[in-house]
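Descriptive analysis of the structure
What follows is the residue order along each chain.
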Amino acid sequence: MSGCSWWDRSTGFALLTIVLWASLAALTSRITSVSPLVLVGLVLFFCGAGALPFWRQWRASPLTWLVTIAALLFYHLLLFMSFRHAPVLEANLINYLWPLCIILFTPLLLPNHPLHLRHILAGACGLAGSMLVMVDGELQLQQAYLPGYLLALGAAIIWGAYSVLSRRLPAAPAVVTAAACLPAGILALLLARLLEGPLPLTQIPVSDWSLIVGLALGPMGAAFVTWYLALRDGDPRRIGALAYLTPLLSTLLLVTLNGESLTSRHLLAGALIMGGALLGMQRKKPTPAIATTR
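Here we summarise the structure given alongside this text.

Calculation criteria
- Residues numbered from 1 in each chain as written.
- Predicted model: local features only at pLDDT ≥ 70, side-chain atom pairs only at ≥ 80, totals over all residues.
- Heavy atoms only, no water.
- Helix = DSSP H or I, 4+ residues; strand = E, 2+ residues; numbered from the N terminus.
- Buried < 20%, exposed > 50% of the residue type's maximum accessible area, 1.4 Å probe, protein only.
- Contact = heavy atoms within 4.5 Å.
- Areas by Shrake-Rupley, 256 points an atom, 1.4 Å probe, with all protein chains shown as cover.
- Lys, Arg positive; Asp, Glu negative; His and termini not counted.
- Salt bridge = Lys/Arg side-chain N within 4 Å of Asp/Glu carboxyl O.
- Polar contact = N/O pair within 3.5 Å; in protein donor to acceptor, adjacent residues only side chain to side chain.
- Axes fitted to C-alpha atoms, helices over the stretch in contact; angles between N-to-C directions.
- Parallel < 35°, antiparallel > 145°, perpendicular 65-115°, else oblique.
- Left-handed = near helix turned anticlockwise from the far one by under 90°.
- Nonpolar A, V, L, I, M, F, W, Y, C, P; charged D, E, K, R; others polar.
- Core = buried A, V, L, I, M, F, W, Y, C linked by side-chain atoms within 4.5 Å.
- Patch = residues over 30% accessible without salt bridge, like charges linked within 9 Å, V, L, I, M, F, W, Y side chains within 5 Å.
- Phe/Tyr/Trp six-rings, centres within 6.5 Å; stacked < 30°, edge-to-face > 60°.

1. Remarks on the overall build of the protein
In terms of regular secondary structure, the protein is built from 14 helices and zero strands. If you list the helices and strands of the protein from N to C, you get α-α-α-α-α-α-α-α-α-α-α-α-α-α. Taken over 294 residues, the protein has a buried fraction of 51%. Excluding contacts between residues fewer than 6 apart, the proportion of contacts in the protein whose partners are at least 24 apart in sequence is 88%. As displayed, the protein offers around 14,300 Å² of accessible surface, 68% of which is attributable to carbon and sulfur atoms.

2. Side note on the side chain of Asp208
Within the secondary structure, Asp208 is located in helix H11 (residues 206-233). Arg84 provides the closest opposite charge to the buried, salt-bridge-free Asp208, at an N-O distance of 7.7 Å. Setting aside anything within four residues of it in sequence, one finds Asp208 in contact with Arg30, Ile31, Thr32 and Ser33.

3. Let's talk about the side chain of Thr106
Mapping Thr106 onto the fold places it in helix H6 (residues 98-109). Take Thr106: its relative accessible area is 0%, and that puts it in the buried class. Looking at Thr106, its side chain comes within polar contact range of the main-chain oxygen of Ile102, at 2.6 Å. Thr106 has contacts with His113, Val164, Pro236 and Arg237, leaving out every residue within four places of it along the chain.

4. Comments concerning the packing of H6 against helix H8 (residues 146-165)
Running from amino to carboxyl end, H6 crosses H8 at an angle of 45 degrees, the nearest separation of the two axes being 8 Å. Relative to H8, H6 is oriented oblique. Our pair here, H6 against H8, has a crossing hand that is right-handed. Contacts between H6 and H8 involve Trp98, Cys101, Ile102, Phe105, Thr106 and Leu109 from the former and Ala156, Ile157, Trp159, Gly160, Ala161, Ser163, Val164 and Leu165 from the latter. For the contact of H6 with H8, the class distribution of residues is eleven nonpolar, three polar and no charged.

5. What to know about the environment of Leu262
Structurally, Leu262 is set in the loop between helix H13 (245-258) and helix H14 (264-281). Between the C-alpha atoms of Leu262 and Leu89, which are 173 residues apart in sequence, the distance is 8.3 Å. Beyond its immediate chain neighbours, meaning those up to four positions away, Leu262 contacts Leu89, Thr251, Val255 and Leu267.

6. A look at the nonpolar core
By size, the foremost hydrophobic cluster in this structure holds 86 residues, and its most contacted members are Trp98, Trp159, Phe224 and Trp227. The greatest single-element share of this core, amounting to twelve residues, is contributed by H11. Excluding residues within four positions of it along the chain, Trp227 makes contact with Thr17, Trp21, Trp98, Ile102, Trp159, Ser163, Ile239 and Ala243.

7. Focus on a nonpolar patch on the surface
Taken together, the side chains of Phe45, Phe46, Ile186, Leu187, Leu190, Val213 and Leu217 define a hydrophobic patch exposed on the protein surface, amounting to about 600 Å² of accessible area. For the nonpolar patch, the secondary-structure elements that each account for two or more residues are helix H3 (36-49), helix H10 (181-196) and H11. Broken down by element, the residue count for the nonpolar patch peaks at three residues, all from H10. The residue Leu187 is located in helix H10 in this model.

8. Looking at the packing of aromatic side chains
Evaluation of the coordinates by the stated rule reveals twelve aromatic pairs. Seen in terms of ring centroids, Phe45 and Phe46 are 5.8 Å apart; in terms of plane orientation they differ by 75 degrees. Their pairing is edge-to-face. Classification of Phe46 as partly exposed rests on a relative accessible area of 32%. Consider the rings of Phe46 and Trp209, whose centres lie 6.2 Å apart with planes at 85 degrees: the pair is edge-to-face. Of this pair, Phe46 sits in helix H3 while Trp209 sits in helix H11, placing them 163 residues apart in sequence.

9. A closer look at the environment of Ala14
Along the chain, Ala14 falls in helix H1 (residues 9-21). For the pair Ala14 and Gly240, spaced 226 residues apart in sequence, the C-alpha to C-alpha distance is 9.1 Å. Among residues more than four places away in sequence, those in contact with Ala14 are Ala230, Ile239 and Leu242.

Laid out in structure tokens, this is it:
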């Protein structure tokens, strides 16, 4: 009996991660009682604390720890800041250039993954889609939101690069990815203390604490582990294309929960970005073998 060529273990982990990440923007945008830096620190701290019972499995090289901590800290810091400086829906769409970054970075950063014309076309589609998000109906750049757009783009580049480079890091147990959140969160809180003054922990309402813990358990907790497992065994370009299911779910949640307005411009931008990702995942058809006669 032949197996399914599309479904495998890495695909299952990727789809689980996608479902968890779809709620990230909607939940994060509802927390306004603390600065982005404090929010990043608290969520990452609780996420890492959840990995403490598995401390015996925290075996990884210093390079793996360093790269993972830096990626987790700076990606979420830029992303959360972008939600404060641009409309959440638009910042979120730009952030979801990271699956396309995975597709484009894979042939550049991994051996035996050459860059083909389809990858270049995929990048062009993704760029066109992101530019469409960043302009209004008259194709004029919305300068008031430019800092937020650039922060979201920076977050996408960081996560795309980390997702590909994680394949080149020394192997480590999956729980290390969650454990790295603990030092990343502590660093964020220390930076917040130095740059912003005393941490306003007593000013956080109960509702926001619930959202913070929820983020730590799901979109920024279990999702890190399942994402690592997906990338460890799967093709990054294929998983990156599959990850574009995330902005669809995420945008629908934003529209439903936060009252964001969905326009035809956003739909077209999303179609371009997703189309680029799907194009980038296409594989070159193998050359059929030439039959020989005996």
